[in-house]
Amino acid sequence: MANVNKQVKLELQKELDEFQKAQKDIQKCVETRQKLEAQLTENKVVKEELEILEEGANIYKLTGPVLVKQDLSEAKSTVSKRIEYISAEVKRQETSIADLEKEQEKHREKLGKLQSQMSPPAVKA
Amino acid sequence: MASPGQQEVQLSSLTPPQLKMLHDQLDQEIEVLTSSMQSLKGAQNQFNESKQSLKTICPKNVGKDILVPLTGSLYVPGQLADADSVLVDIGTGYYAEKTLTDADEFFKRKIDYLKQQMDKLQPAVQQKFQSRQVVYEMLQAKVMAHAKQQSKK
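Chain A carries the name Prefoldin subunit 6 in an unreviewed UniProt entry, which gives Clavelina lepadiformis as its organism. Word for word, the UniProt comment on chain A under Sequence similarities (unreviewed entry) is "Belongs to the prefoldin subunit beta family."

Okay, structure coming up:
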């Protein structure tokens, strides 16, 4: 009886570790997604500002210590592409988060089952 | 409002440790929201400063002596040459040449946008404050009731 209890305890510990790992992974994905969303918003703002500019207005891009003159339409398309890319990344993170949450649920259920396996033996004693 | 009512029902069924956890969670959320508010206010001040400094770049100041920063601690003397256009940082490393009026409007837009965002945050902060207060009072009540029970025994 004690051996069975020990077995359950080990399994419980293992499930707990996996559950906590899933939780940490979810946390990381959420942080990444938040950063991406901030970048997305910034790029959207830049796009709006570029639209307001007249054709032929001078714009420059800062690459390292250099301000390089850019073509307005080129800049617009670069920013649009960046927005698309970031949106796709955000979606990817969201699917990761959803998958990890499903996994976490599975671990949580298993933990519940194992815990109920542990308690009855104690009651009998 | 329906939600505080719903919360009340659930709150009274929570144990003191759970109430304490909820209280701490609300505490954290309030901190995050308040620091966001502060960042927004700081950004707004920066834009305001930029807007104010535009005023010094006017035609009557052309030719006046200025100090141009080359690095954080190295300045060289120069003269104000162009009072018609300025380079404005519009984000993600892009700078746009704008006239003084356009630049002024740009900063005004930014300042208004930030004000909008802060106005959006404000009610959320208020609500969290109130919720935390309610949770705290519920926690106090339960602790006192529990203490009374113990002393009766």
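K.L.:
How do you make sense of the confidence of the model for chain B when you look at a structure like this?
P.N.:
Detailed conclusions should not be drawn from predicted coordinates in areas where pLDDT is low. All names here are of chain B. For chain B, the mean per-residue pLDDT works out to 88, and 93% of the residues sit at or above 70. Low pLDDT, under 50, characterises residues 1-6; the stretch is placed with 0 contacts to residues that sit more than four places away or in other chains. Reported confidence for the predicted complex is 0.71 by ipTM and 0.75 by pTM.

K.L.:
Sorry, what's going on with the UniProt feature "coiled-coil region" (unreviewed entry) in chain A here?
P.N.:
Within the UniProt annotation, "coiled-coil region" (unreviewed entry) is assigned to residues 5-56 of chain A. Here residues 5-56 of chain A runs as 92% helix and 0% strand, with 77 Å between its end C-alpha atoms.

K.L.:
Explain the pairing of strand β2 (residues 75-79) of chain B here, please?
P.N.:
Regular strands place side chains that alternate from one sheet face to the opposite one. Residues and elements named next belong to chain B. Sheet topology note: the strand β1 (residues 65-69)/β2 ladder contains 5 bridges and is antiparallel. When the bridges of β2 are listed, L67 appears paired with P77. The hairpin formed by β1 and β2 contains 5 residues between the paired strands.

K.L.:
Help me out: how do you make sense of the interface of chain B and chain A in this one?
P.N.:
Interfaces are often sized by the accessible area lost when the parts come together. Contacts between chain B and chain A engage 14 residues on the former and 19 residues on the latter. For the pair chain B and chain A, the summed buried surface comes to about 1500 Å²; carbon and sulfur atoms form 57% of the total. Looking only at chain B, the three residues that lose the most surface to chain A are T92, Y94 and Y95 of chain B, adding up to 43% of its buried area. Run the count over chain B and chain A and you get 2 salt bridges. Where R109 of chain B meets E49 of chain A, a salt bridge forms, and the shortest distance between an N and an O atom there is 3.0 Å. For the pair chain B and chain A, the interface holds 6 residue pairs in polar contact (both at pLDDT 80 or more). Listed by contribution, the elements that provide at least two residues to the side of chain B that touches chain A are β3 (85-91), β4 (94-99) and α3 (100-152) of chain B. When grouped by side-chain class, the residues that make up the side of chain B that touches chain A number 7 nonpolar, 3 polar and 4 charged. Summarising the sheet, strand β1 (residues 59-63) of chain A and β4 of chain B pair through 3 bridges and their orientation is antiparallel. Residue pairing in the sheet places I59 of chain A in a bridge with A96 of chain B of β4 of chain B.

K.L.:
Which parts of the structure should I look at to understand a nonpolar patch on the surface?
P.N.:
A contiguous nonpolar patch, built from L62 and L67 of chain A together with L87 of chain B and spanning about 230 Å² of accessible area, is present on the exposed surface. With respect to the helices and strands, the residue L87 of chain B is situated in strand β3. Taking relative accessible area as the criterion, L87 of chain B reaches 40% and is therefore assigned partly exposed.

K.L.:
Got a minute to help me understand the pattern of salt bridges in this structure?
P.N.:
One side chain can pair with another of opposite charge once the charged atoms of both are near each other. Residue and element names in this part refer to chain A. Taken as a whole and judged by the stated rule, the model has 16 salt bridges over all chains. The partner of E15 in a salt bridge is K110, with the nearest N and O atoms 3.5 Å apart. Of the two residues, E15 sits in helix α1 (residues 2-52) while K110 sits in helix α2 (residues 72-124), which places them 95 residues apart along the sequence. When its relative accessible area of 6% is taken as the criterion, E15 is described as buried. Between D25 and K21 there is a salt bridge, and its shortest N-O distance comes to 3.4 Å. With D25 and K21 both in helix α1 and 4 residues apart, this pair spans about one turn of that helix. Overall, the relative accessible area of 53% leaves K21 in the exposed class. Salt bridges linked by common partners bring R33, E37 and E94 together as one network.

So, how was this worked out
Residues numbered from 1 in each chain as written. Chains lettered and ligands numbered in written order. Predicted model: local features only at pLDDT ≥ 70, side-chain atom pairs only at ≥ 80, totals over all residues. Heavy atoms only, no water. UniProt positions renumbered as here; feature names shortened; annotations may be inferred. pLDDT = per-residue confidence, 0-100. Contact = heavy atoms within 4.5 Å. Helix = DSSP H or I, 4+ residues; strand = E, 2+ residues; numbered from the N terminus. Pairing = 2+ DSSP bridges. Buried area = accessible area lost by both parts, 1.4 Å probe. Salt bridge = Lys/Arg side-chain N within 4 Å of Asp/Glu carboxyl O. Polar contact = N/O pair within 3.5 Å; in protein donor to acceptor, adjacent residues only side chain to side chain. Nonpolar A, V, L, I, M, F, W, Y, C, P; charged D, E, K, R; others polar. Patch = residues over 30% accessible without salt bridge, like charges linked within 9 Å, V, L, I, M, F, W, Y side chains within 5 Å. Areas by Shrake-Rupley, 256 points an atom, 1.4 Å probe, with all protein chains shown as cover. Buried < 20%, exposed > 50% of the residue type's maximum accessible area, 1.4 Å probe, protein only.

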